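Fold and geometry: a report
Each chain, written out:
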Amino acid sequence: MTDDELIWRIAGGSGDGIDSTSQNFAKALMRSGLNVFTHRHYPSRIRGGHTYVEIRAREDTVKSRGDGYNFLLALGDSFARNPKENAYYGEEEIKPLYENLDELREGGIIVYDSGMLDTDDVPNFDERAEENNWHVFDINLRELAKEHGREIMRNTAGVGVTAALLDMELGEIENLMEDAMGGDMLEANLNVLHDAYEMTNEEYEFEHDLRVPTGDHDEEQVLVSGSNGVAYGALDAGCRFIAGYPMTPWTDVFAIMSQNLPKFGGISEQVEDEIAAAALAVGASHAGVKSMSGSSGGGFALMGEPLGLAEMTETPIVLIEAMRAGPSTGLPTKPEQGDLESILYSSQGDSNRVVFAPADPAEAYDQTRMAFKLAYDYQIPAIVIIDQKLSGENRNVPKSFFDRPVDADPGSVLTEEELAEAAHDESGKFNRFIHETENGVAPRSLPGQKDGRYLATGNEHNKAGHIDEDPDNRVAQMSRRMSKLVSIREELDEEHESQQSYRGPEDAEYGLITWGSQQGTVEEAVDRLNERGVSVKSIGVSDMMPYPEQEMTEFLESVEEAMIVEMNATAQFRGLTQKELGQFGEKLTSFLKYDGNPFEPEEVVEAFEAQINGADESPVTRTEIRPAAGD
Amino acid sequence: MSAFNAIGEERDIDRDEYTPGIEPQPTWCPGCGDFGVLKALKQALPEVGRTPEETLLCTGIGCSGKLNSYLDTYGFHTIHGRSLPVARAAKLANPGLEVIAAGGDGDGYGIGGNHFMHTARENHDMTYIVFNNEIFGLTKGQTSPTSPKGHKSKTQPSGSAKTPIRPLSLSLTSGASYVARTAAVNPNQAKEILVEAIEHDGFAHVDFLTQCPTWNKDAKQYVPYVDIQDSDDYDFDITDRREASEMMYEAEDALHEGEVLTGRFYVDEDRPSYQEEKKAIGEMPEEPLAERYFDDDYDWDQKRSYDLLDRHV
Ligand SMILES: Cc1ncc(C[n+]2csc(CCOP(=O)(O)OP(=O)(O)O)c2C)c(N)n1
Ligand code: SF4
């Protein structure tokens, strides 16, 4: 926990403009040369309820939200939307203030809107402020905003105060406001911003040391969320069709695609349910368009059948699974990594699919592109897993990262000339599902092509697609389909750089293993542990299927013990690892969390230290250590 | 150069072209009404002028779902109840295709009921043929959503307590722009109706009465039918929703009493198809999407923009 970083938390009610304000402030910090990371926390309700967004900004790369924070801007009129006293969701009045105090660091700053909130309502506020050396600024943001016409602009007033207290220039903030609005709205907001800034500088003395850190980027950066990464990856992979049904947090990807696809001449369909959504993706792909669908836990469960249909008919599709805590509707707005097993194995029969779990927005872009490439080259469904944490978190990425051409290749499709030459069976049908191939891929035709007629069916079928229960044919077809994963593994190993991420000294004694969105947090823990003299390295795994057997074996052979960090209660990735590798049971420990919140780096550090010192209970509350089989 | 030269090709089409070179032994029972649909389709498609290669037939699961083993077009035998979502996406992806979906009454009105309602509501430009034999055929004779009240089967041993579905009324209320009923025992009318349905721009729903002599021996489909267009007893305006709705209601009641009324019940030529509606709001490209992947002149990068990277929802 260092103060060479700003972790700014803006808290209030849903509807206070927390999201837009924080996004603009994060961009302003990014454009002033800093690396940024945002973390969004919100309850599952539409009106009222307490929410916050945290922005962590520093000169060095930011990989996680960090631990705690050092600047609170408490807005909040959530109570105004919840008229009933002691309503079901609890008393709202003082939440934006007191609910946040536990994680505020020593010496931190509190700015609260004295027009809306009162510290008298917060139990032991003064004692706690003194004990923790907090710098408290009670500023009537509401009044400030009202002077220029509209109370709602108190968030802008809050930003003005923040900038003054941190000794920040207003230039970038103004630019962003100019991008976002115009006319009277812009003028009023700029006036509020300036008034708040000047008033704070004139009326308050700053006794705190916290200043906005300085930094410099070599090149232009853009602020990208996990959902943005997935959506942009899909668009750049040539995806022009999406079908979906809203479910948090998948809705973000769906909305971004729906808003952009028409501009790219593509089609977006909001349909009646998730079974239909996945079936539409199959239909569009069958007809020759690169297509996708997706959902979150419950909706994905409904997609099992069309997913199996895609496997059996060898129709390429890409599905996104944005996980939230389950089972059932679970914690609708909280992250968990609890759907891994269902994603790997849902649907009847043997699973035959590609599954990736990117760690951050840039990887989300990369791996979504890769998912499309493999899906269309190999005629196999590919699933990209994100979760509620990754979907809503923003990071800065160099703009040039996205400077890649659109991949318009429709994959293994034959032209009409090739179809004329291709083998046909006695019935005149094109042999679309030939047994013998190099890499398991039997090239397809598209409806409307000459000489390409065949039958696609979810039943087992022969070369021309006729339903066929002959045992020899069954074995030939099954084996060919399953062999695709072997070819894909070879292609990934040979032709592409590893999708797994490594951190820490290569010859480290211990290992930390994680997957998906927890990678940044674990890497930050690795850095801290090494600084404290613990010899540890990490691998952040992205390939779930086909599993990176070779890389994982090498990693596990090179360490004495390894702890797998994942956000679920049943150690699902550890289970997968042991199933795939069939060894290392005595080396593997699990560190688990499933309270609805992602890991923080210090939790990982403490649990890891405790574990290597022989503890089998977690020093951190609401987490769990599962010792190795041999322990 | 087009990748889809079979689409829009004009030539004389022999109905035998739709028969697979080696016809798989039909697994339908002798006397099954499904043969009637197959025959009617083989006659209708050449008459409409659509070749086997520009036709995509999507079926569900059930005896009816086997239709595309015996009809030689491009085919997609999907999963139980899901022919419609697969079919309508294929049509959106490549509007040049003649897309036909088919399935049983369990498939279309039961497990796929939600898709039926919504595909009709959206008025997708396609044809949907439901083989209505008032029974589950393939799984051996269980009660279906169209089985009459009191129908006994192994899974409803005391007789069904449910009123059967009214497929025609349901279709009209949901928004289909063409609704007709025909019967396998009436091949001429069946062919004519299919021709009309396929040519119709919008969602054309044909409730096709097919007898299942194996599991549903007393079904009314054996009873001589009445063609409402030919009969002097029925005079109504098929373009008028209210009149069509009353006529459907009467036909559905009559069926339960053993009288089979067939014909066109509702035709709306004016309602734009879903594709047209989507084009009008700028959410559907003018040229077939599927073509674009083969168009060497299409500039994929031209429209690409970084705007969205810095914009957030
Ligand atoms: C999800 C699912 N549930 C159940 C089945 C089993 N099943 C196959 S066909 C069928 C009934 C078909 O009845 P219908 O649609 O009326 O068609 P018919 O066989 O009479 O033509 C059922 C229940 C299945 N294949 N998939
Ligand atoms: S069981 Fe009935 S519906 Fe199925 S093939 Fe036999 S007669 Fe036809």
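That block above? That's the structure.
Read on for an overview of the structure. All values reported here derive from a predicted model rather than from experimental measurement.

Brief notes about the packing of helix α6 (residues 171-180) of chain A against helix α7 (residues 183-203) of chain A
Residue and element names in this part refer to chain A.
- Orientation of α6 relative to α7, taken along the N-to-C sense of each, is 160°, at an axis distance of 10 Å. By the angle class used here, α6 and α7 are roughly antiparallel. For the crossing formed where α6 meets α7, the hand is right-handed. Across from Ile173, Glu174, Met177 and Glu178 in α6, the residues of α7 making contact are Leu186, Asn189, Leu190, Leu193 and His194.
- Its residues assigned to classes, the contact of α6 with α7 shows five nonpolar, two polar and two charged.

A short note on the sheet that holds strand β21 (residues 588-593) of chain A
Residue and element names in this part refer to chain A.
- Reading across the sheet, the six strands line up as β16-β18-β17-β20-β21-β22 and stay open at both edges, with mixed pairing between neighbours. Edge positions in the sheet fall to β16 (501-503) and β22 (623-626), since each has one partner strand and no second. Taking the axes of each pair of neighbouring strands and ignoring which way they run, one obtains an average angle of 20° across the sheet.
- Pairing of strand β20 (residues 561-566) with β21, which is carried by five bridges, proceeds in the parallel orientation. Pairing of isoleucine 564 across the sheet is with serine 590, part of β21.
- Packing against the sheet, helix α18 (residues 519-531) makes contact with β16, β17 (510-515), β18 (536-541) and β20, and its axis sits at approximately 170° to β18.

What about the interface of chain B and chain A?
- If you look at the interface, chain B gives 65 residues, while chain A gives 80 residues.
- Buried surface at the junction of chain B and chain A, both sides included, amounts to about 6,200 Å², of which 58% is carbon and sulfur.
- Inspection of the chain B/chain A interface yields seven salt bridges.
- As a salt-bridge pair, glutamate 305 of chain A and arginine 82 of chain B come within 4.0 Å of each other at their nearest N and O atoms.
- Our count for the contact surface shared by chain B and chain A stands at 27 residue pairs in polar contact (both at pLDDT 80 or more).
- Listing elements by their share of the side of chain B that touches chain A, those giving two or more residues are α2 (67-70), β2 (74-77), α3 (83-93), α5 (113-122), α9 (274-280) and α10 (289-292) of chain B.
- Here the side of chain B that touches chain A is composed, by residue class, of 34 nonpolar, 16 polar and 15 charged.

Focus on the site of ligand 2
- Taken together, Trp28, Cys29, Cys32, Cys63, Asn133, Cys212, Pro213, Thr214 and Trp215 of chain B form the complete shell of residues around ligand 2.
- Considered class by class, the residues forming the shell around ligand 2 number seven nonpolar, two polar and no charged.

The rules behind the values
- The residue numbering used here restarts from 1 in each chain and proceeds along that chain's sequence as written.
- As they are written, the chains are lettered A onward and the ligands numbered 1 onward, keeping that order.
- The predicted origin of the model limits local features to residues at a pLDDT of at least 70 and limits the giving and counting of side-chain atom pairs to 80 or more, whereas totals for whole chains, interfaces and linings rest on all residues.
- The basis for the side-chain values is all heavy atoms of the structure; hydrogens and waters are excluded.
- Between N-to-C directions, angles cover 0 to 180 degrees, with each direction set by a line fitted to C-alpha atoms, over the stretch in contact for helices.
- Helix and strand assignments follow DSSP, with helices taken as H or I runs no shorter than four residues and strands as E runs no shorter than two, numbered in order from the N terminus.
- Roughly parallel covers angles under 35 degrees, roughly antiparallel covers those over 145, roughly perpendicular covers 65 to 115, and oblique covers all other angles.
- Put simply, a crossing is left-handed when the front helix is turned counterclockwise from the back one by less than a right angle, and right-handed when it is turned clockwise.
- Should any heavy atoms of two residues lie within 4.5 Å, those residues are considered in contact.
- Each residue receives one of three labels: charged for Asp, Glu, Lys and Arg, nonpolar for Ala, Val, Leu, Ile, Met, Phe, Trp, Tyr, Cys and Pro, and polar for the others, Gly being one of them.
- The pairing criterion for strands is at least two bridges between them, as found by DSSP.
- Accessible area, probed at 1.4 Å, shrinks when two parts are joined; the buried area is that loss added up over both.
- Only one rule defines a salt bridge in this text: a Lys or Arg side-chain nitrogen within 4 Å of an Asp or Glu carboxyl oxygen.
- Any N or O atom pair separated by 3.5 Å or less is treated as a polar contact, with the protein-specific requirement of one donor-capable and one acceptor-capable atom, and with residues adjacent in sequence counted only for side-chain atom pairs.
- Here a residue is considered near a molecule or strand provided that any single heavy atom belonging to it is located within 4 Å of it.

Without other data, these values stay purely geometric and don't point to any function.
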